[in-house]
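# Tertiary structure, described
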Amino acid sequence: MFCAGYLENSRAKNLKAKKEKEKLNEGDAIEIKGAYTKEGKFGAELHLGYSAQTAETTKQLPSSAAILKENMSEKKINSLSDGENTVIVGKVSGVERGNFIYSVCSKCGKKITRTENGVLCENCGETTIKKNAVVSMMVEDDTAGIRVNFFGKNALKAIGMEQETLEKMLEEKSGDVF
């Protein structure tokens, strides 16, 4: 009887481990088959119905930085123009002090405002708060320096932190930072 219980628990643990392995994480290279496109709220979306399949792929994909470099020109900091998208290459020369987090809608990630009745999202209506990281750094190349503001997952990547760690740190410090 104990052995059967042990085997059942082992199967459950193995099944759970297998499901966790199947979970997709940011940065995973995947192949999608049998999906279809549909117009969504923010433009075209890819929908995966019951017949669609996803799998990790070993195909070599360019990095997002490489894709950006193909579509944007690289410039020196002293030649940047207001409102343009470009690629700069420089070194971090400092980290600015200031607010470390900002609050956004937990559903869509857009700006929120506090009301007497709770939290309101301009996009979703009533919502709950998600704390996002924000980090400002000074970056310089051989021509000039510029303040670079990192938000959300880019800020977390810049400081080498996971969202869960940020949330735990904020919980420990308590106090609602808005």
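A few points on the structure. (Residues numbered from 1 in each chain as written. Predicted model: local features only at pLDDT ≥ 70, side-chain atom pairs only at ≥ 80, totals over all residues. Heavy atoms only, no water.)

Structurally, the position occupied by Asn-132 is in strand E10 (residues 129-140). Residue Asn-132 is classed as buried on the basis of its relative accessible area of 10%. If sequence neighbours within four positions are ignored, Asn-132 has contacts with Phe-100, Ile-101, Tyr-102, Val-104, Gly-152, Gln-163 and Leu-166. (Helix = DSSP H or I, 4+ residues; strand = E, 2+ residues; numbered from the N terminus. Buried < 20%, exposed > 50% of the residue type's maximum accessible area, 1.4 Å probe, protein only. Contact = heavy atoms within 4.5 Å.)

Attention now goes to helix H4 (residues 163-173). Burial in H4 covers these residues: Gln-163, Leu-166 and Leu-170. Buried positions in H4, seen along its axis, are confined to an arc of 60° and lie on one side of it. Pointing more than 90 degrees away from the buried face of H4 are the exposed residues Glu-164, Lys-168, Glu-171 and Glu-172. Considering only its buried residues, H4 is in contact with strand E6 (101-105), E10 and helix H3 (152-159). (Arc of directions from axis to C-beta.)

With that settled, consider the sheet that holds strand E7 (residues 112-115). Taken in spatial order, the three strands line up as E7-E8-E9 in an open sheet, and their pairing is antiparallel. Of all strands in the sheet, those bounded by a partner on one side alone are E7 and strand E9 (125-126). As paired strands, E7 and strand E8 (residues 118-121) are joined by four bridges and run antiparallel to one another. Looking across to E8, one finds that Thr-113 is bridged to Leu-120. (Pairing = 2+ DSSP bridges.)

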